[in-house]
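Secondary and tertiary structure notes
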Protein chains: 2
Amino acid sequence: MIQTPYLLFLGDAPDRLAAKVAQGIKDWRPENAVGQFRLPACGTTVDLQDMTLAEGLAAGAKTLVIGVANRGGVISAAWKEVLIEALAMGYDLASGLHNLLSDEADLVDAAAKHGRSLHDVRIPSVDYPIANGVKRTGKRVLAVGTDCSVGKMYTGLALDRAMRARGMKSTFRPTGQTGILITGDGVPLDAVVADFMAGAVEYLTPDNDADHWDVIEGQGSLHHVSYSGVTMALVHGGQPDALIVCHEPTREHMRGLPTYKVPEMSVIRDVALSLAKVANPDCVVIGYSINTQHMGEDEARAYLAKVEAELGLPAVDPFRFDAEPLVDALAKI
Amino acid sequence: MIQTPYLLFLGDAPDRLAAKVAQGIKDWRPENAVGQFRLPACGTTVDLQDMTLAEGLAAGAKTLVIGVANRGGVISAAWKEVLIEALAMGYDLASGLHNLLSDEADLVDAAAKHGRSLHDVRIPSVDYPIANGVKRTGKRVLAVGTDCSVGKMYTGLALDRAMRARGMKSTFRPTGQTGILITGDGVPLDAVVADFMAGAVEYLTPDNDADHWDVIEGQGSLHHVSYSGVTMALVHGGQPDALIVCHEPTREHMRGLPTYKVPEMSVIRDVALSLAKVANPDCVVIGYSINTQHMGEDEARAYLAKVEAELGLPAVDPFRFDAEPLVDALAKI
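Right, let's walk through the structure included here. These numbers come from a predicted model, not from an experiment. (Residues numbered from 1 in each chain as written. Chains lettered and ligands numbered in written order. Predicted model: local features only at pLDDT ≥ 70, side-chain atom pairs only at ≥ 80, totals over all residues. Heavy atoms only, no water.)

A short note on the sheet that holds strand β6 (residues 139-145) of chain B
Residue and element names in this part refer to chain B. What counts is decided by this rule: For two strands to be treated as a pair, DSSP must find no fewer than two bridges joining them. A run of H or I in DSSP counts as a helix once it spans at least four residues, and a run of E counts as a strand once it spans at least two, with each numbered from the N terminus.
Strand order in this open sheet of six strands is β7-β8-β6-β9-β10-β11, and the pairing throughout is parallel. Across the chains shown, the open sheet's two edge strands, defined by having one partner strand only, are β7 (169-173) and β11 (315-316). Where β6 meets strand β8 (residues 212-216), four bridges bridge the pair, whose relative direction is parallel. Bridge pairing in β8 places L142 opposite I216.

In structure tokens form, the structure reads like this:
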């Protein structure tokens, strides 16, 4: 569990895409960020107040979160200077970088010296159990995709926000690095050892109030041959009561697999539901979440209407337009 | 790659079940074992010649393989004495125990001193790639189960043996500890990090001659909620041309999951085939491998005939009776 609130370290991020972790925190958990810290070479912003480390501390920040991708997989000397100073001042550090904070001897030394924590959310910090398949109390909804990177995390975050806005009990349950940094907790499922994947998902979504929803972040796709095993563990470990099928209509092939076509939504709906029913015979598909970011507004609305007419369930872009039809469906379960 | 042939260390195994790794090597790769080494307290045998370490060396053994489960997860002082002496004499050591040889300082020291290798087959020794899904040359057959521990490894080993007896090109590709020790090579798939599971299977089954069969050891079941992600990675990473459905008819529930019924063979056939076709549209199901060990002979033969009649494909117990109908089917692909 990473201590909140954060000061967001943007470093020398050249553009908005490089700062997408910081942007995700700003978009979805603005209450978790007191401000942003930028080096002189930084070429972007997430539109939070610029703060020094001292100002961040004064505003209550507990953790300096690296909200930016680093170039060449190296934590630069310029970054190090700030990170070590932050540890000395009393910040914890949190990062989703591939190269780990805990592999940097000077950061490890500084953290030890000042009694601070280094959070590398890319690697598991828990010994997860083997899944036992026992039925848990409370309700769970899982986003399953026709492909990787089609908007499963944003779908989950949008649903969670909309449910809470209605006063429903909801917790977003991250299963990837960005999601973990946004909320401060979760399971980095792609880094879990095979035998424990489904158990890690059970651990992430324990017994809860009967009217509480866990909104589980999906990963990969049951039809993405590189990562389908991770998706499978979510479908079985998550014991979902409800599935939402996520899709990006302009994708020409599966991400990273040029010879693989993106499957039809109806195919993913059917295979995901039949597999989900193994763990929860009452599971239902409640609708479709379409990532329309590459479509004009008219085109997007026409596409959603077409999907809804053809597949017979609500089809929305919960980030661009609204998540309410999906929340309506969940509220009836 | 573990150097063969082996001397099989039976230690103080109380009974045959405790020595099942040694028994598997004896049953399936007798040419890999020059003899067995037993401590005075040993209560079983795998019917190989008893040898001292010196006699094993003289017979050509390169590796002392721990062919027995240890009690309480501790490598005892009595075992250590033999293992250290073996390293000093020039043996490598290989083990599939949960507690690792490489975690024992005295074994690590002795191996370093004598320039020998410690093989812990329970953990990966390779940095596997992420699966790329590119079509590979050669042919592959995968055993998929209705449950865990229904005979997938024995099915694969029996098929491999029968194919080679006919002069077909075949390689058994182990994905579990026992299989790796039997053949000396493979991927411990349950210990691979999630993102790399399918890539590990691709690595295990590379391009090969057009008429060569990789016989891939299956794991888990697509309907076993604890391990289905591992199975999924085999179905997609393995790119099978042929599937064999494995079943144990007397099982009352899924292994380790008392409230989960074992699925019908036809259900696993359909879900496995539809998922396998994502990676290889030409994949076919060629038959059923039934583990009849808990049935009398008449009962077993009647059951096989019934499955064959109902499901319309060959149904055999390839270990107890014969694998030929499955090999006939593979020979036609």
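Some points on the environment of K80 of chain B
Residue and element names in this part refer to chain B. Short version of the rule: Partly exposed describes any residue whose relative accessible area lies between the buried limit of under 20% and the exposed limit of over 50%, with all areas from a 1.4 Å probe on protein chains only and scaled to the type maximum. Note on definitions: a residue-residue contact is assigned when non-hydrogen atoms from the two residues lie within 4.5 Å.
Inspection of the secondary structure puts K80 in helix α3 (residues 77-89). Here K80 falls in the buried class, since its relative accessible area comes to 13%. Sequence separation between K80 and L275 is 195 residues; the distance between their C-alpha atoms is 47 Å. Leaving out residues up to four positions away in the same chain, K80 has contacts with I75, E104, D106 and L107.

Section: the environment of G256 of chain A
Residues and elements named next belong to chain A. Along the chain, the position of G256 falls in the loop between β9 (242-247) and α9 (265-279). Residue G256 is classed as exposed on the basis of its relative accessible area, which comes to 59%. With 151 residues separating them along the chain, G256 and A105 place their C-alpha atoms 34 Å apart.

Things to note about the packing of aromatic side chains
We count it as follows: Two rings from Phe, Tyr or Trp (for Trp, the six-membered ring) form a pair when their centres sit within 6.5 Å of each other. Planes less than 30 degrees apart are called stacked, planes more than 60 degrees apart edge-to-face, and all others tilted. Distance and angle both matter: a charge sits over a ring if NZ of Lys or CZ of Arg is within 6 Å of the ring centre and within 35 degrees of the ring normal.
Overall, the coordinates contain twelve aromatic pairs over all chains when judged by the stated rule. Relative to W79 of chain A, the ring of F9 of chain A lies with its centre 5.2 Å away and its plane at 80 degrees, an arrangement referred to as edge-to-face. On the criterion of sequence distance, the pair formed by F9 of chain A in strand β1 (residues 6-11) and W79 of chain A in helix α3 (residues 77-89) is long-range, its members being 70 residues apart. Judged by its relative accessible area of 0%, F9 of chain A is buried. Judged by relative accessible area, which is 2%, W79 of chain A ranks as buried. Here the aromatic rings of F9 of chain B and F37 of chain B are separated by 5.9 Å at their centres, their planes lie at 15 degrees, and the arrangement is stacked. Of this pair, F9 of chain B sits in strand β1 (residues 6-11) while F37 of chain B sits in strand β2 (residues 33-38); the two residues are 28 residues apart in sequence, bridging distant segments of the chain. The buried category is assigned to F37 of chain B, whose relative accessible area is 12%. Every member of this aromatic cluster is reached through a ring pair, and the members are F9, F37 and W79 of chain A. Over the ring of F321 of chain A we find R301 of chain A, and its NZ or CZ is 3.9 Å from the ring centre.

Quick word on the pairing of strand β3 (residues 63-66) of chain A
Residues and elements named next belong to chain A. Our working rule: Note on handedness: a crossover is taken as right-handed if, strands pointing away from the viewer, the path from the first strand over the helix to the second is clockwise.
Judged by which residues are buried, β3 turns out to be covered on both faces: T63 and V65 on one side and L64 and I66 on the other are all buried. Bridge count for β1 against β3 is four bridges, and the pairing is parallel. Of the residues in β3, the one forming a bridge with L7 is L64. Two elements, β3 and strand β4 (residues 92-95), share three bridges in a ladder whose sense is parallel. Residue pairing for β4: V65 is matched across the bridge by A94. Taken together, β3, α3 and β4 form a β-α-β motif whose crossover is right-handed.

As for the relation of the copies chain B and chain A
To keep things clear, this is the line we draw: A least-squares fit on C-alpha atoms brings the copies together, and the residues used are those whose pLDDT is at least 70 in both copies.
The transformation that overlays chain B on chain A combines an axial shift of 0.1 Å with a rotation of 180 degrees, and the residual RMSD is 0.1 Å. On the angle and the small slide along the axis, the relation comes out as a two-fold axis. Most of the interface of chain B is mirrored in chain A, where 100% of its interface residues are also at the interface.

Digging into the packing of α3 of chain B against helix α4 (residues 105-114) of chain B
All names here are of chain B. Keep this limit in mind: Every axis in this analysis is a line fitted to C-alpha atoms, fitted for helices over the stretch in contact. Angles between the N-to-C directions lie between 0 and 180 degrees. Oblique is the label for every angle not falling under 35 degrees (roughly parallel), over 145 degrees (roughly antiparallel), or within 65 to 115 degrees (roughly perpendicular). Each crossing gets its handedness from the near helix: less than a right angle anticlockwise from the far helix is left-handed, clockwise is right-handed. Nonpolar residues are Ala, Val, Leu, Ile, Met, Phe, Trp, Tyr, Cys and Pro. Charged residues are Asp, Glu, Lys and Arg, and all others, Gly as well, are polar.
The contact between α3 and α4 brings their axes to 8 Å, and the two run at 15 degrees. With respect to their mutual orientation, α3 and α4 come out roughly parallel. Seen along the crossing, α3 lies across α4 with a hand that is right-handed. Judged by residue contacts, K80, L83, I84, L87 and A88 of α3 engage D106, L107, A110, A111 and H114 from α4. Split into classes, the residues belonging to the contact of α3 with α4 amount to seven nonpolar, one polar and two charged.

Details of the side chain of S228 of chain A
Our working definition: Here a polar contact means two N or O atoms within 3.5 Å. Within protein one must be a hydrogen donor candidate and the other an acceptor candidate, and residues neighboring in sequence count only if both atoms are side-chain atoms.
Counting through the fold element by element, S228 of chain A comes out in helix α8 (residues 228-237). Side chain to side chain, S228 of chain A and H236 of chain B meet in a polar contact 2.6 Å long. Dropping the residues within four chain positions of it, S228 of chain A is found in contact with S221 and L222 of chain A together with M232 and H236 of chain B.

Digging into the packing of α9 of chain A against helix α10 (residues 297-311) of chain A
The description of two packed helices rests on the angle between their axes and on the distance between the axes. Residues and elements named next belong to chain A. With their axes 12 Å apart at the nearest point, α9 and α10 run at an angle of 50 degrees to one another. Taken as axis vectors, α9 and α10 run oblique relative to one another. Considering the relative orientation of α9 and α10, their crossing is right-handed. Contacts from M265, S266 and R269 in α9 reach Y303, V307 and L311 in α10.

Description of the interface of chain B and chain A
Definition in use: Note on definitions: buried area is the accessible-area loss of two parts on being combined, 1.4 Å probe, summed for both. The salt bridge criterion pairs a side-chain nitrogen of Lys or Arg with a carboxyl oxygen of Asp or Glu, the two atoms within 4 Å.
Counting residues at the interface gives 32 residues for chain B, matched by 32 residues for chain A. For the pair chain B and chain A, the summed buried surface comes to about 2,600 Å²; carbon and sulfur atoms form 61% of the total. Linking chain B with chain A are zero salt bridges. Within the residue set of the side of chain B that touches chain A, elements represented by two or more residues are α7 (197-204), α8 (228-237) and α9 (265-279) of chain B. Considering every element that reaches the side of chain B that touches chain A, the biggest residue donor is α8 of chain B, with six residues. Partitioned by chemical class, the residues of the side of chain B that touches chain A number 21 nonpolar, nine polar and two charged.

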